[in-house]
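Breakdown of the fold
The primary structure of each chain is shown beneath.
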Amino acid sequence: MTTINPSEKSRVISAAEMASVSNISNLTNDRIEALAGGHGMVNMAIHTVVNVITEEVLRGRSLSIEFADARRLPIDDIMEKAIKTAKHSGADGANAALIVACIMYLAGSKAQVGIPAGNRKLGATARMLAQVDRSGVAAVPTAKMNNKISGFPAVVAINQAMMEGRLTSFDGRKIPMFVAGGPVYGHSALGEDFIWPEMARNGARIGTQAMLDAMAGAAMQPKPFISAVLGAAAILEIIHPDAEVPEASGQYGRTSSAYLVGKSAVETAGLPEKIHLKVTGEEYDTAKVVGDVGLIIKDIGGPSVIGMMAFDEIFAAFTEMLSGFSGSPVNTPLGHIGAYAIIGMKALFEHNGDAEKVAKMIAEERAQTTFNPEVALFSINTIARKANELNNGLVTSMLINATEPARAKALHSRAEFAFAQLSAGKTLEEVVRALDEERIAYMEKHADRILSDMTGSETHVKILKIAPGARRTANLAKKYWAFDPLIDISVTLGDKTAVMHGFVHDIIPQICKGERPDIEWAAPLGAVIMDEIAFSGVCIMNIVVPAAIAAAMKLYTPAEAATIAEKAAYVTAGIPGGKAAATRVAKLALEIIKA
């Protein structure tokens, strides 16, 4: 046992904590500095754009797109400012246009207004301000979901149906001259009551189903929301997107053909009729959202895969988990964090800029909806801090304040634990391993509660084994388990239990090939927990803090402490990076002690 007086204890803990927070990059294995340059993801732009828009709205600026005889509207100034900010935050022109248009839409802007001269569309305006070319829906990709496809299947299917006469019962050859192409068609019964409603319903159904089928054919799980959006966008490239609808389908001047497209796409995809924003509970008509967002996508230009990944995280802000990851229970890599920036913006609007109230609401909600509240709040904090370096604003500052108490508590509790255990004679290896064991137990406790609520039955998930090198012989795969995980897991749902040895490398391929129908029910429950632990490198406090304490206590050199800590962190050290970060922090902690 090592005897240290109370004042020395305070100095050691303070040194370790100060060293740990000296650079936020040292608390994660994710490359967040690269994120700030738009490498790998562009979620920094989500955060900086909401800063711009929120501050403009709370100053009283209008987000309204008006049918005005003017070259420029006030909203153009806001959008231009937001697009410049997005570009400064790592987004290229097309991705900046996409991010700004989608956030402006959720902030309250209309997707379209007016016909024909003076017509304005949110997506087209964003594209023009970003100075990028239109590309067409066929070139718009999905986000990467292991594989990725584009809107091409929807475009092909709709055009094939059109050539085969399945899109509408009307034959253009039979439409008289001067009826075709003019107001007799476009502003009366023929177009508004018959042709466009029929094409809207059929086209959205065909396009959405094509996207669902194409994803399945690419060995991707079909995603209803993006399938509906791209299916809607593809038919909106063909039909009049601003047309009035039959009176039974909506209010004149308020409901356009885009709504009918959205309604058909939603029904085909099996999406709920209403969706709700997390924290605020604000309700949206899903058909309107899908139709409007489809209209934005068809005009926006050519976003990249990482731009569409940001798109997914923007719409992860809904309780129904339409897309993305950052609103789900799983704590994914930091490049996906984005949903709570949108939620924070909307909540600040609702509560008249009361950042303290909104911060409390977000912290409480996120702690209840994630498998690991510590990591969830840490992740939001880390990305908000990095985004704040690019654009210091109300939303990112609020998110930092919302999550800083949890981050500080997590750091301090580890520092206290490490100091107490090392003082009692425990080895650094034992200390780190105990912290990782607690990480698993903490995650399992919250997962059991959340999954039980989701399934409606008592659910328990237990990690039985985590090790590297399930099937590979490369040194990297044998050292860092996340590259080739050897996982044994137990799942209980009601009165059923599945104990699955070799879950990732053996059981999952068998299930996907249809060879294990007996335990197929357990795969989603096991996989979602596997996802959580596979992403453990987003937060490496369990490596960095104990190493810093050990070095500050002069029990090990910084390099020794870092090496031991990373090796002992059998969960947290799933990928490389922990040793280097821990070395930097331990060195600084020791220098602070010497000062």
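Use the structure listed above.
As the structure is a computational prediction, the values presented were derived from the model and not from experiment.

Procedures and definitions
- Residues numbered from 1 in each chain as written.
- Predicted model: local features only at pLDDT ≥ 70, side-chain atom pairs only at ≥ 80, totals over all residues.
- Heavy atoms only, no water.
- Helix = DSSP H or I, 4+ residues; strand = E, 2+ residues; numbered from the N terminus.
- Rg over C-alpha atoms; globule rule 2.2 N^0.38 Å.
- Buried < 20%, exposed > 50% of the residue type's maximum accessible area, 1.4 Å probe, protein only.
- Contact = heavy atoms within 4.5 Å.
- Areas by Shrake-Rupley, 256 points an atom, 1.4 Å probe, with all protein chains shown as cover.
- Pairing = 2+ DSSP bridges.
- Axes fitted to C-alpha atoms, helices over the stretch in contact; angles between N-to-C directions.
- Salt bridge = Lys/Arg side-chain N within 4 Å of Asp/Glu carboxyl O.
- Core = buried A, V, L, I, M, F, W, Y, C linked by side-chain atoms within 4.5 Å.
- Expected span 1.5 Å × (residues − 1).
- 1 Å grid on protein atoms, 1.4 Å probe; cavity = no way out; pocket = protein on both sides within 12 Å on 5 of 7 lines; lining within 4 Å.
- Points joined across faces, edges and corners; volume = space filled by probe spheres on them.
- Nonpolar A, V, L, I, M, F, W, Y, C, P; charged D, E, K, R; others polar.
- Parallel < 35°, antiparallel > 145°, perpendicular 65-115°, else oblique.
- Left-handed = near helix turned anticlockwise from the far one by under 90°.

Quick look at the overall build of the protein now. Helices and strands together make up the secondary structure of the protein, namely 24 helices and seven strands. For 595 residues, the compact-globule formula gives about 25 Å, and the C-alpha radius of gyration of the protein, at 27 Å, lands near that figure. Taken along its principal axes, the extent of the C-alpha atoms in the protein is 95 × 60 × 40 Å. Counting across all 595 residues of the protein, residues that qualify as buried make up 56%. Excluding contacts between residues fewer than 6 apart, the proportion of contacts in the protein whose partners are at least 24 apart in sequence is 71%. When the accessible surface of the protein is totalled, it reaches about 24400 Å², and 53% of it is carbon and sulfur.

This part covers the sheet that holds strand S7 (residues 496-500). With respect to topology, three strands assemble into an open sheet ordered S5-S6-S7, the strand pairing being antiparallel. One side of each edge strand has no neighbouring strand; the edge strands of this open sheet are strand S5 (459-467) and S7. Along the sheet, successive strands turn relative to each other by an average axial angle of 5°, direction set aside. Pairing analysis gives five bridges linking strand S6 (residues 486-493) to S7, with the strands arranged antiparallel. Residue pairing for S7: Ile-489 is matched across the bridge by Met-500. Contacts from helix H18 (residues 428-455) reach S5 and S6, with the element oriented near 145° to S5. The strands touched by helix H21 (residues 523-534) are S5 and S6; relative to S6, the strand with the most contacts, the crossing angle is about 135°.

Applying the stated criterion across every chain, the model contains 24 salt bridges. A salt bridge links Arg-407 to Glu-404, with the nearest nitrogen and oxygen atoms 3.2 Å apart. Residue Arg-407 and its partner Glu-404 are both found in helix H17 (residues 394-423); the two are separated by three residues, about one turn of the helix. Judged by relative accessible area, which is 6%, Arg-407 ranks as buried. The exposure class assigned to Glu-404 is partly exposed, which follows from its relative accessible area of 23%. Close ionic contact of Glu-444 with Lys-462 constitutes a salt bridge, the shortest N to O distance being 3.4 Å. Within this pair, whereas Glu-444 is found in helix H18, its partner Lys-462 is found in strand S5, the two being separated by 18 residues in sequence.

Another aspect to go through is unusual backbone geometry. Phi at Asn-352 takes a positive value of approximately 50°, unusual for a residue other than glycine. By secondary structure assignment, the location of Asn-352 is in the loop between helix H14 (339-350) and helix H15 (355-368).

With that settled, consider the nonpolar core. Counting 165 residues, the largest nonpolar core has Ile-99, Ile-103, Ile-297, Phe-311, Phe-315 and Ile-549 as the members making the most contacts within it. At 12 residues, the largest contribution of residues to this core is made by helix H5 (residues 93-107). If we ignore the near neighbours within four places in the chain, the residues touching Phe-315 are Cys-102, Leu-106, Phe-225, Val-289, Val-293, Leu-322 and Ser-323. Listed in part, the 28 residues of the second largest apolar core include Met-443, Val-461, Ala-498 and Val-571.

Another point: helix H10 (residues 224-236). Across its 13 residues, H10 extends 18 Å between first and last C-alpha, which sits within 8% of the 18 Å expected from 1.5 Å per residue. Most of H10 sits inside the fold, with 12 of its 13 residues counted as buried. Of the residues making up H10, those classed as buried are Phe-225, Ile-226, Ser-227, Ala-228, Val-229, Leu-230, Gly-231, Ala-232, Ala-233, Ala-234, Ile-235 and Leu-236. As for H10, its buried residues are in contact with helix H7 (152-163), helix H9 (189-217), helix H11 (257-269), helix H12 (286-299) and helix H13 (305-314).

Counted according to the given criterion, the structure contains two cavities of 30 Å³ or more. What the largest cavity holds in volume is close to 70 Å³. Asn-331, Asn-372, Val-375, Arg-439, Ile-440, Met-443, Glu-532, Ile-533, Phe-535, Ser-536, Val-538 and Val-571 together form the lining of the largest cavity. Per-element accounting of the lining of the largest cavity gives the leading share, three residues, to H18. Partitioning the lining of the largest cavity into residue classes produces seven nonpolar, three polar and two charged.

This next bit is on the packing of helix H4 (residues 74-88) against H5. It is at 9 Å that the axes of H4 and H5 come closest, and there the two elements cross at 130°. By the angle between their axes, H4 is oblique relative to H5. Considering only the axes of H4 and H5, their crossing is right-handed. Across the interface between the two elements, Ile-75, Ile-78, Met-79, Ala-82, Ile-83, Ala-86 and Lys-87 of H4 pack against Gly-93, Ala-96, Val-100 and Met-104 of H5.

Turning next to H4. A rise of 1.5 Å per residue sets the reference length of H4, with its 15 residues, at 21 Å; its end C-alpha atoms lie 22 Å apart and thus fit the reference within 8%. If you check which residues of H4 are buried, you get Ile-75, Asp-76, Ile-78, Met-79, Ala-82, Ile-83, Thr-85 and Ala-86. Tucked inside the fold, the buried residues of H4 contact helix H3 (43-58), H5, strand S2 (120-121) and helix H6 (122-130). Directly beyond the C-terminal end of H4, a positive phi value near 105° is found at Gly-90.

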